[in-house]
Amino acid sequence: MSDAPAIRKKTLTVALMDGPYVSNNPTTAFRIVDAALRKGYNVNVFAYESAVELSIAKQQPHQNPVKQRTVEEADHPTTKRLVENLFDSSRRNGAKLDWIACGLCVDERGSFDQIEGVRRGGPGDFLDWARQSDQTLVIATK
Amino acid sequence: MPEKILTIVERAYHGTLEEQDDTVLWFNSMLLAKAPGLGFLLRGNAVNYAVSTQDASGLEIGGASFGKPPEIANDVRFLLDRNVPVYAIAEDIDERGISRERLLQGLREIHRSDLAPLLDQYDAVWHW
Amino acid sequence: MANYLLISSRDPFEYRDAEWFYDLAAELSARHSVKLFLVGNGVLIGRNRIDNGPSKKFRRLVGLNGNVHVGADNFSLRERGIDTGELVPGITVTGVDTLVDTLMESTDKVLWH
């Protein structure tokens, strides 16, 4: 057994405010989180305001009648699917992904049915994360 | 561990009637008790948040009142009364033709050129 | 001297004050090392053929002292059909992997606009 001390993984905390389909920010945030997980960093995501809608469990993909594509042909992942993919990636890469949806934001949007892995929290959780993380990135909403 | 955190508020009046608050001011105000080193910078349209005469009351939809209107000037005053530093960019105030008499007392006006040195004073900067 | 990472996701065509971020990068560079990373529509300022006030400001930033390094996201450029040959000389084309490396390993303060 090695006596070498375990290397502490660095942690990135990201705050996101934009929901699906309104700006480029969520996709860019997903790309950053994905890259960080692949590199083995632990990541915390605080979903504030409309960003809580990114992980609604009942999102469904749809067909594309303009391009005459069935749901399968459209192959269009919903944002909740992308978030699920990030959780999968965290497990594959031995990294931890913690995802909090702001509870009051969930309440006022009725976004109660969240995918597995997303938990409810508040501003105090974000501050704790920011204090414990190596880097905190607040993604400004437009 | 960041203790001095500067929160930058730029976007203004987006969803504030539905939320009854500015959500960035609200979020960061929730942190004050645990984060005494928090400071606020109003830039862009958010400098208008320091105008003392804002009044969103009286809105009705379908005959029903909109409930409690946002009182953003009061929310900024809440910070100022607690000696939380609230900075505002002077050029953004001027560009928007805001008269200084209408601004809340206690606001710390800085010029755009002062922003870089201000950032140096903080451990972290959160631009919402 | 601190290491600042400024991530610019807005362009000055849609957001008039996107150039504020270029000004901030220039001012910070007087005392600090600054990396400005263009992503999303932020890359739209990168075309060398643009000739307006914000582009002049941006171009001056790219050509500024050695303390400023300007990068652009390869995917955002490709998404918008911008070839690297069209870019203002001096912009480094990278991606989010490099961005994450910079963010996690060599950044003291990060701002997103």
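An account of the accompanying structure is given in this report.

Criteria and thresholds
Residues numbered from 1 in each chain as written. Chains lettered and ligands numbered in written order. Predicted model: local features only at pLDDT ≥ 70, side-chain atom pairs only at ≥ 80, totals over all residues. Helix = DSSP H or I, 4+ residues; strand = E, 2+ residues; numbered from the N terminus. Rg over C-alpha atoms; globule rule 2.2 N^0.38 Å. Buried ≥ 20, exposed ≤ 12 C-beta atoms within 10 Å, placed from the backbone. Contact = placed C-beta atoms within 7 Å. Pairing = 2+ DSSP bridges. Axes fitted to C-alpha atoms, helices over the stretch in contact; angles between N-to-C directions. Nonpolar A, V, L, I, M, F, W, Y, C, P; charged D, E, K, R; others polar. Arc of directions from axis to C-beta. Parallel < 35°, antiparallel > 145°, perpendicular 65-115°, else oblique. Left-handed = near helix turned anticlockwise from the far one by under 90°.

Before going further, it helps to examine the overall build of chain B. The helix and strand inventory of chain B stands at 5 helices and 7 strands. Along chain B, helices (α) and strands (β) appear in the sequence β-α-α-β-β-β-α-β-α-β-α-β when read from the amino end. Taking 14 Å as the expected radius of gyration for a compact globule of 128 residues, we find that chain B reaches 15 Å, a close match to that expectation. Based on the C-alpha atoms only, the size of chain B along its principal axes is roughly 50 × 35 × 25 Å.

Outside of glycine, negative phi angles account for most residues, and trans bonds account for most peptide bonds. Residues and elements named next belong to chain B. Positioned with a positive phi, Gln-20 is a non-glycine residue whose angle comes to about 65°. Turning to its location among the elements, Gln-20 is positioned in the loop between helix H1 (16-19) and helix H2 (23-30). Despite not being glycine, Asn-83 shows a phi value in the positive range, around 60°. With respect to the helices and strands, Asn-83 occurs in the loop between helix H3 (72-81) and strand E5 (86-89). Given 9 C-beta atoms within a 10 Å radius, Asn-83 is considered exposed.

Secondary-structure assignment places Ala-116 of chain B in helix H5 (residues 115-120). Here Ala-116 of chain B is in contact with Leu-24, Glu-27 and Leu-28 of chain C, once residues within four sequence places are set aside.

What follows concerns the sheet that holds strand E2 (residues 42-47) of chain A. All names here are of chain A. Strand order in the open sheet formed by 5 strands is E4-E3-E2-E1-E5, with parallel pairing between adjacent strands. Of all the strands in the sheet, the pair left with one neighbour each is strand E4 (118-121) and strand E5 (135-139). Taking the axes of each pair of neighbouring strands and ignoring which way they run, one obtains an average angle of 20° across the sheet.

Attention shifts here to the interface of chain C and chain A. Contacts between chain C and chain A engage 15 residues on the former and 18 residues on the latter. Those elements that provide at least two residues to the side of chain C that touches chain A are helix H4 (96-105) and strand E5 (109-112) of chain C. A per-element tally of the side of chain C that touches chain A places H4 of chain C first, with 6 residues. Among the residues forming the side of chain C that touches chain A, the class breakdown is 8 nonpolar, 5 polar and 2 charged.

Residue and element names in this part refer to chain B. Along H3, the residues that are buried comprise Ile-72, Val-76 and Leu-79. The buried residues of H3 occupy an angular sector of 50° when projected down its axis, which confines them to one face. For H3, exposure combined with an orientation more than 90 degrees from the buried face picks out Asn-74 and Asp-81. On the buried face of H3, the contacting elements are H1, H2, strand E2 (38-42) and E5. One or two residues past the end of H3 sits Asn-83, with phi positive at roughly 60°.

A word on the packing of helix H1 (residues 25-38) of chain A against H4 of chain C. Where H1 of chain A meets H4 of chain C, the axes come as close as 9 Å, and the angle between the chain directions of the two elements is 70°. When the axes of H1 of chain A and H4 of chain C are compared, the pair comes out roughly perpendicular. The hand of the H1 of chain A/H4 of chain C crossing is right-handed. When H1 of chain A is examined against H4 of chain C, the residues Arg-31, Ile-32, Ala-35 and Ala-36 of chain A are found in contact with a partner set consisting of Val-96, Asp-97, Leu-99 and Val-100 of chain C. Considered class by class, the residues forming the contact of H1 of chain A with H4 of chain C number 6 nonpolar, no polar and 2 charged.

A word on the interface of chain B and chain A. Often the size quoted for an interface is simply the accessible area lost on bringing the parts together. Each partner contributes to the interface: chain B provides 13 residues, whereas chain A provides 12 residues. Those elements giving two or more residues to the side of chain B that touches chain A turn out to be H2 and strand E7 (124-127) of chain B. Residues of the side of chain B that touches chain A, tallied by class, amount to 9 nonpolar, 2 polar and 2 charged.

All names here are of chain B. In terms of burial, strand E1 (residues 5-9) is largely enclosed, as 5 of its 5 residues are buried. Across 5 bridges, E1 lies against E2 in parallel orientation. Pairing of Thr-7 across the sheet is with Phe-40, part of E2. Relative to E7, E1 runs parallel, the two being bridged by 4 bridges. Within E7, the residue paired with Ile-5 across the bridge is Ala-124.

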